[in-house]
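Results of the structural survey
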Amino acid sequence: MKNGSRLAALGGVVVAGALALSACGSDNNTTASSSSAPAGDIDCAKASVNAAGSSAQKNAIEEWTKLYASKCAGANLNYNPSGSGAGIQAFTSGQVSFAGSDSALKPEEAAAAQKRCEGGSALNLPMVVGPVAVVYNVQGVDGLKLSPESIAKIFSGKITKWNDPAIAKENEGAKLPSSDIKPVYRSDESGTTDNFTNYLHTVVPDVWTWEKAKKWPNSTGQGAAKSDGVTSQVKSTAGSISYVEMSYATNNKLQTAHVKNGAGEYTELSPESASKAVAGAKVTGTGNDVALEIDYATKEPGAYPIVLVTYEIACEKGLPAEQAGFVKSFLTYTSSADGQKILTDLGYAPLPQSVLTKVQASVKALA
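Conventions and cut-offs
Residues numbered from 1 in each chain as written. Predicted model: local features only at pLDDT ≥ 70, side-chain atom pairs only at ≥ 80, totals over all residues. Heavy atoms only, no water. UniProt positions renumbered as here; feature names shortened; annotations may be inferred. Helix = DSSP H or I, 4+ residues; strand = E, 2+ residues; numbered from the N terminus. Buried < 20%, exposed > 50% of the residue type's maximum accessible area, 1.4 Å probe, protein only. Contact = heavy atoms within 4.5 Å. Core = buried A, V, L, I, M, F, W, Y, C linked by side-chain atoms within 4.5 Å. Domains from an automatic or database assignment. Disulfide = S-S within 2.5 Å. Expected span 1.5 Å × (residues − 1). Arc of directions from axis to C-beta. Axes fitted to C-alpha atoms, helices over the stretch in contact; angles between N-to-C directions. Parallel < 35°, antiparallel > 145°, perpendicular 65-115°, else oblique. Nonpolar A, V, L, I, M, F, W, Y, C, P; charged D, E, K, R; others polar. Pairing = 2+ DSSP bridges. Salt bridge = Lys/Arg side-chain N within 4 Å of Asp/Glu carboxyl O. 1 Å grid on protein atoms, 1.4 Å probe; cavity = no way out; pocket = protein on both sides within 12 Å on 5 of 7 lines; lining within 4 Å. Points joined across faces, edges and corners; volume = space filled by probe spheres on them.

As recorded in an unreviewed UniProt entry, the chain goes by the name Phosphate-binding protein, listed as coming from Actinomadura bangladeshensis. Reading the Sequence similarities (unreviewed entry) entry of the UniProt record for the chain gives the comment "Belongs to the PstS family."

Have a look at this one:
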């Protein structure tokens, strides 16, 4: 790895990577404090590196990029939030040095990634907890309560009115309109869709009969591209409902539903309630791979059940030396305590310590 100056406290913030700030637009994010700057035990790497993938983690990557680049002269990360599916394709075809994905590599993707890594393993490294918010635009209805059954029926076209008896029963006293429900789904391949459909199929398979998929599986509602497109569609459409990563809901001031968990609680979405769900996740990866299996039916009190973990897909070995050095250095920062603590202000949740310790060990083993 190419070592430059040691990272110290943050001075001025500089923007690195035109793609990181231009592709798909940029949200108004909360700026992290100087105490969240890269710490002194991480070596700078001088390189210009391309990465692509998850738009759900875009806000986190942009902030990390600014903080890292502010103290690492010559460090330049160009991140294109093209969506998880496109990012993995760019990674396996050798166009980018690492990819962001809202779900772990599938077997066929892992095989292609291994070739990309010149026979080495491609690791799934959890980096961001991005709770999936059920967002809606219904004037006068705050704190909407929805069970997984009702969510599945709405997105499969079985519940079509806001004052449907099933919704009314869950929201006693609420003034629900008689207007049509207008579902909005991701039109491009998305890890957010993969996690959302996995949640529905896992928890209410008798209602949601489609398997999990990155591509939306039915024609109910209207499609919108990428997370920015979904949030814009919901904001501009009265009576709409959709699913989007929490930071987009927070930054766009969208209404979010309280979702019923396995303990029977209608839980409000927050970084704390999301972290409770991830803390009980099972590690399914082997060796330095940290792929996780989320318990969507968690009975943990106060846990918000619809969470996704956004991964960085990186070669354990096999990248050209300059790229490998940058990836290891950058991911060492993002998985550090300082890197993780900026996430809450950006509308994400930090990794629970039980998972973070495993990720840090895997990043350390990158070569």
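That shown, we press on.
Looking now at the overall build of the chain. Helix and strand counts for the chain come out as 13 helices and 14 strands. By residue count, 57% of the 367 residues in the chain fall in the buried class. Sequence separation of at least 24 residues holds for 79% of the intrachain contacts in the chain that already meet a minimum separation of 6.

In terms of nonpolar packing, the biggest core is built from 107 residues, with Trp-64, Val-134 and Phe-196 touching the most fellow members. Element by element, the count of residues in this core is highest for strand β4 (residues 122-136), at eleven residues. When residues of this core are assigned to domains, at least three map to each of domain 1 (48-130 + 279-293 + 308-365) and domain 2 (132-276). Excluding residues within four positions of it along the chain, Phe-196 makes contact with Val-132, Val-134, Ile-151, Phe-155, Trp-216, Tyr-243 and Ile-306.

By the definition in use, this model includes two disulfides. Paired by a disulfide, Cys-44 and Cys-72 hold their sulfur atoms 2.3 Å apart. Negative torsions about the S-S bond denote left-handed disulfides, and the value of about -75° found for Cys-44 with Cys-72 makes this one left-handed. Of this pair, Cys-44 sits in the loop between α1 (18-22) and β1 (47-53) while Cys-72 sits in the loop between α2 (58-71) and β2 (75-80); the two residues are 28 residues apart in sequence, bridging distant segments of the chain. Taking relative accessible area as the criterion, Cys-44 reaches 2% and is therefore assigned buried. For Cys-117, the disulfide goes to Cys-315, at an S-S distance of 2.0 Å.

The next subject is the environment of Val-207. Looking at the secondary structure, you find Val-207 in the loop between α7 (191-203) and β7 (222-224). The spatial distance from the C-alpha of Val-207 to the C-alpha of Ala-152 is 6.3 Å, given a sequence separation of 55 residues. Those residues in contact with Val-207 that sit more than four places away from it in its chain are Glu-149, Ala-152, Lys-153 and Lys-158.

Here we come to helix α13 (residues 353-364). Helix length check: α13 (twelve residues) gives 16 Å between terminal C-alpha atoms against 16 Å at 1.5 Å per residue, within 8%. Within the span of α13, buried status applies to Val-355, Leu-356, Val-359, Ser-362 and Val-363. Considered in projection along α13, the buried side chains sweep an arc of 125° and stay on one side of the axis. Projecting away from the buried face of α13 at angles above 90 degrees are the exposed residues Gln-353 and Lys-364. Residues of α13 that are buried make contact with β4, α10 (271-279), β13 (292-293), α11 (321-334) and α12 (337-341).

Another aspect to go through is the packing of α2 against α11. Following both chains from N to C, one finds α2 and α11 inclined at 110°, their axes separated by 11 Å at the closest point. For the element pair α2 / α11, the angle class is roughly perpendicular. Residues Ile-61, Trp-64, Thr-65, Leu-67 and Tyr-68 of α2 touch α11, and the partners they reach there are Phe-326, Ser-329, Phe-330, Tyr-333 and Thr-334. Class assignment for the residues of the contact of α2 with α11 results in seven nonpolar, three polar and no charged.

To continue, consider the sheet that holds strand β5 (residues 145-146). Strands sit in the order β5-β10-β11 across an open sheet of three strands; the sheet is mixed. Of all the strands in the sheet, just β5 and β11 (266-267) have a single pairing partner and so form its edges. Both β5 and strand β10 (residues 258-260) contribute to a ladder of two bridges, which runs parallel. Bridged to Lys-145 within β10 is His-258.

Bringing the pattern of salt bridges into the picture now. Two side chains that carry opposite charge are able to pair once their charged atoms sit near each other. This structure, assessed with the given rule, holds seven salt bridges. Between Glu-63 and Lys-66 there is a salt bridge; the shortest N-O distance is 3.4 Å. Residue Glu-63 and its partner Lys-66 are located together in helix α2, separated by three residues, close to a single helical turn. Side by side, Glu-63 and Lys-66 carry an identical accessibility label, which is buried.

So, on to the layout of surface pockets. Counted as a void, the largest pocket has a volume near 550 Å³. Around the largest pocket, the lining comprises 30 residues; the ones closest to its centre are Ala-104, Lys-212, Ala-291, Leu-292 and Tyr-311. Within the residue set of the lining of the largest pocket, elements represented by two or more residues are α4 (107-116), β4, α7, β13 and β14 (307-315). Counting residues per element, the lining of the largest pocket draws most heavily on α7, at four residues. When grouped by side-chain class, the residues that make up the lining of the largest pocket number 13 nonpolar, ten polar and seven charged. Taken together, domain 1 (48-130 + 279-293 + 308-365) and domain 2 (132-276) each give at least three residues to the lining of the largest pocket, which thus spans both.

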